[in-house]
Amino acid sequence: MLIGKPPDIPSSEITPQSAYRKYLSRRKFLRGAAAVGAAALGGDRLAEVLSPHTRALASTKLQTVSSPLTTTGEQLTSFDDITHYNNFYEFGVDKGDPAKNAGGLPTRPWSVKVEGLVAKPQTFDIDTLLKLRPLEDRVYRHRCVEAWSMVIPWVGYSFSELIKQCQPLSSAKYVQFLSYWDRRVEHWGADETSIFWPYSEGLRMDEAMNPLTLLTFGLYGETLPNQDGAPVRIVIPWKYGFKSAKSIVKIKFVAKQPDTTWNEQAPNEYGFYSNVNPNVDHPRWSQKTERRIGLPFYEQRRATLMFNGYGDQVASLYTGMNLRKYY
Amino acid sequence: MNRRTLILLKTLTWLACLAPLAWLVWGAITNNLGADQTETITFATGRTTLRLLLISLAITPLRRLSPRLSWLIKFRRLLGLFAFFYATLHLMTWVGLYTNFDPNAMAADILKRRYVTAGMAAWLLLFPLALTSTNWSIRKMGGKNWNRLHRLVYFAAIAGVIHYWWQVKSGVLTPMGVTLILAALLLARPILSWRQRRKTRGPVLSPSAP
């Protein structure tokens, strides 16, 4: 049973050491900016050139409440690792690339267009979305299809809350998420891969409605760093990480299973469902075990749990389904 | 090349070849191997193997470009053996950190996953070359046979590059660099032979009508 008692202190009230270090570096950056007279015209540009690393980490604190859906009993992965070990291929294929390259992602102003089979198609400004529901602290395990894992304190609210606002028609059977794509900002995605952009992901309607599916705005109590999918992303903790689309600009309600990026790229390796499942191997590696990020190499290996340990909440979505066929 | 320069260059080569390992050991001691230490170790040893294989394969074509580079041959065995050394470390990473020394898991991996199969094949192709790397072996086998056996290195390098392509996600183009370099090094051999043959034959006189 994973629904535990809510922690006494929401994670947003704890300043992790790594975040504290980040504040220091931001202060350093401000000092540097002042030194070169950055208050003057073009200071922003200069600061960006001088310190892209800091810029990529610039974030604001979020007001949060605790949630009964948070995962307990796990040691959190450090802020440093969560923000410097990313798969975000628009910004390069190496794990360290997004932290280096995502500084140019224009996260303000930002809007999310909701369209397709809904009674009320509309465009939400990011600030409207942030205020739609109280933001909750939700610690989730994160299991990448590449067989590594983290434990991340996300901030957001159940995606079902947004769905209710949009009133999907009964003909809507799936939800599609489309990520930001601009070749000028994200040329690495075009240079280093043959992927057809923008990034697309999708869920079946009942999966999208499950309260665990989190519309996510932050981590460690602050707004998302760009490399983690700022300013808004989806997090589906019982599925492999690539299902959780980053930097979402469009949400489409559709009747048929949407085309999704990795499924199109290699259908035999990445199924549409992609539920975490230790019994169904990836063609190129076993999914029985995983490597926990941030531990020494001789302590990393651990068993992978069915539905990433969230079976109590989600197994019923798949009763009667052959999960070997629908991997 | 005099003896002192040779000793100096060999020492530098040793140091350069040991640097990737030193970097890993230092990283392990200072807990500085990145977020995913297993992956860091795997990629560092794998990448170094491919690089050293490519450098050792560059020696023959470079020597044939100019007789003044013939001394390069003195470094080929060293580079080749270091390539095998890192290939073995890479293999041990898989054995220890991925399969947890479980023979069943290893067998399953080799049979089921083609990138493991290709990697294993590459190591098995390098193994006899490392065994027969001594002067004694060359004498015992005779230069011709020894040369023939050591042509396996081409197949080892090709298997290594295929292993890399099959390991990365489809759509990821990072193995392209080593692939192009290997292709150039393999193509350079017949091209240089052809050029040499033309030279030794001398200028072709005006061809008569057939």
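Nothing here was measured: the structure is a model prediction, and the numbers come from that model.

## Comments concerning the overall build of chain A
Helix and strand counts for chain A come out as eleven helices and twelve strands. Out of the 327 residues in chain A, the part that is buried amounts to 46%. Pairs at least 24 residues apart make up 73% of the contacts formed inside chain A by residues separated by at least 6 positions.

## Details of the overall build of chain B
Broken down by element type, chain B carries nine helices and zero strands. For chain B, the N- to C-terminal ordering of α and β elements is α-α-α-α-α-α-α-α-α. With the principal axes as the frame, chain B shows a C-alpha extent of 70 × 50 × 35 Å. Put simply, chain B has 210 residues, and 22% of those count as buried.

## Topic: the confidence of the model for chain B
Averaged over all residues, the pLDDT of chain B is 92; the fraction at 70 or higher stands at 96%. Predicted as a complex, the structure gets a pTM of 0.78 and an ipTM equal to 0.77.

## A few points about the interface of chain B and chain A
Buried accessible area, meaning the area lost when the parts come together, often serves as the stated size of an interface. Listed as interface residues are 17 residues of chain B and, on the opposing side, 20 residues of chain A. At three residues, helix H2 (residues 37-65) of chain B tops the list of elements feeding residues into the side of chain B that touches chain A. When its residues are assigned to classes, the side of chain B that touches chain A shows seven nonpolar, eight polar and two charged.

## Overview of the nonpolar core
If you look at the biggest cluster of nonpolar residues, it comprises 68 residues, and the most contacted ones within it are A:Ile234 and A:Ile248. Counting residues per element, this core draws most heavily on strand S4 (residues 148-158) of chain A, which supplies six residues. Within the second largest apolar cluster, 23 residues are counted, among which are B:Leu50, B:Leu57, B:Ala122 and B:Val161.

## Let's talk about the packing of helix H3 (residues 76-98) of chain B against helix H5 (residues 114-131) of chain B
Residue and element names in this part refer to chain B. Look at H3 against H5: their axes get within 10 Å of each other, and the N-to-C directions meet at 135°. Between H3 and H5, the interaxial angle falls into the category oblique. Crossing handedness for the pair H3 and H5: left-handed. Counting all contacts with H3, which are made through Gly80, Leu81, Phe84, Ala87 and Leu91, the residues of H5 involved are Trp123, Leu126, Leu129 and Ala130. Residues belonging to the contact of H3 with H5 are distributed by class as follows: eight nonpolar, one polar and no charged.

## Regarding helix H8 (residues 152-167) of chain B
Look at H8(B): 22 Å from first C-alpha to last across 16 residues, which is about the 22 Å you get at 1.5 Å a residue. Taken as a whole, H8(B) has its buried residues at B:Ala156, B:Ala157, B:Ala159, B:Gly160, B:Val161, B:His163, B:Tyr164 and B:Gln167.

## A closer look at the pairing of strand S7 (residues 214-219) of chain A
Residues and elements named next belong to chain A. By the criterion of burial, S7 is predominantly enclosed, with six of the six residues buried. Bridging between S4 and S7 involves five bridges; their strand directions are antiparallel. The residue bridging Trp154 from the neighbouring strand is Leu219, located in S7. Relative to strand S9 (residues 233-235), S7 runs antiparallel, the two sharing three bridges. Bridging from a neighbouring strand, Thr216 pairs with Arg233 of S9. Bridge count between S7 and strand S8 (residues 222-223): two bridges; the pairing is antiparallel. For Gly218, the partnering residue across the bridge sits in S8 and is Thr223. Here S7 hands over to S8 after two residues, with Tyr220 in that stretch at a positive phi of 50°.

## A few points about unusual backbone geometry
Residue A:Trp197 is joined to A:Pro198 through a cis peptide bond whose omega torsion reads 5°. On the secondary structure map, A:Pro198 appears in the loop between helix H8 (187-192) and strand S6 (200-204). In this structure, A:Pro231 follows A:Ala230 across a cis peptide bond, with omega equal to -5°. With respect to the secondary-structure elements, A:Pro231 resides in the loop between S8 and S9. The backbone of A:Asn308 sits at a positive phi, close to 55°, despite the residue not being glycine. The exposure class assigned to A:Asn308 is buried, which follows from the 25 C-beta atoms found within 10 Å. Phi is positive for B:Phe101, close to 60°, though the residue is something other than glycine. Assignment of secondary structure puts B:Phe101 in the loop between H3 and helix H4 (103-112).

## Considering the sheet that holds strand S1 (residues 111-116) of chain A
All names here are of chain A. Spatial ordering of the open sheet is given by S2-S1-S10-S5-S6, a layout of five strands whose pairing is mixed. Edge strands, defined here as strands with exactly one partner in the open sheet, are strand S2 (122-125) and S6. Ignoring which end each strand starts from, the neighbouring axes of this sheet average 20° apart.

## Quick notes on the confidence of the model for chain A
Should the pLDDT be low somewhere, the predicted coordinates at that spot are not to be read in detail. With 82% of its residues at a pLDDT of 70 or more, chain A shows a mean pLDDT of 87. Low pLDDT (under 50) marks residues 15-56 of chain A, which in the prediction has 36 contacts with non-local residues, meaning those over four places away or in another chain.

## Examining the environment of A:Val118
Residues and elements named next belong to chain A. Here Val118 is to be found in the loop between S1 and S2. Classification of Val118 as partly exposed rests on a count of 18 C-beta atoms within 10 Å. For the pair formed by Val118 and Phe253, sequence separation is 135 residues and the distance between their alpha carbons is 6.7 Å. In this structure Val118 touches Cys166, Gln167, Pro168, Leu169, Ala172 and Phe253, once residues within four positions along its chain are discounted.

## What to know about the packing of H2(B) against H3(B)
Residue and element names in this part refer to chain B. As a packed pair, H2 and H3 sit with axes 8 Å apart at the nearest point and diverge in direction by 155°. Comparing their axes, H3 and H2 come out roughly antiparallel. Crossing of H2 against H3: the hand is left-handed. On the side of H2, the interface is formed by Thr38, Ile41, Thr42, Thr45, Gly46, Thr48, Thr49, Leu52, Leu53, Ile55, Ser56 and Ile59, while H3 contributes Arg76, Leu79, Gly80, Phe82, Ala83, Tyr86, Ala87, Leu89, His90, Thr93 and Leu97. Residues that form the contact of H2 with H3 fall into these classes: twelve nonpolar, ten polar and one charged.

## Observations concerning the pairing of S2(A)
All names here are of chain A. Direction of pairing for S1 relative to S2: antiparallel, over a ladder of four bridges. Each bridged residue has a counterpart across the sheet, and for Lys113 the counterpart in S2 is Thr123. Connecting the antiparallel pair S1 and S2 is a turn made up of five residues.

Conventions adopted
Residues numbered from 1 in each chain as written. Chains lettered and ligands numbered in written order. Predicted model: local features only at pLDDT ≥ 70, side-chain atom pairs only at ≥ 80, totals over all residues. Helix = DSSP H or I, 4+ residues; strand = E, 2+ residues; numbered from the N terminus. Buried ≥ 20, exposed ≤ 12 C-beta atoms within 10 Å, placed from the backbone. Contact = placed C-beta atoms within 7 Å. pLDDT = per-residue confidence, 0-100. Nonpolar A, V, L, I, M, F, W, Y, C, P; charged D, E, K, R; others polar. Core = buried A, V, L, I, M, F, W, Y, C linked by C-beta atoms within 7 Å. Axes fitted to C-alpha atoms, helices over the stretch in contact; angles between N-to-C directions. Parallel < 35°, antiparallel > 145°, perpendicular 65-115°, else oblique. Left-handed = near helix turned anticlockwise from the far one by under 90°. Expected span 1.5 Å × (residues − 1). Pairing = 2+ DSSP bridges.

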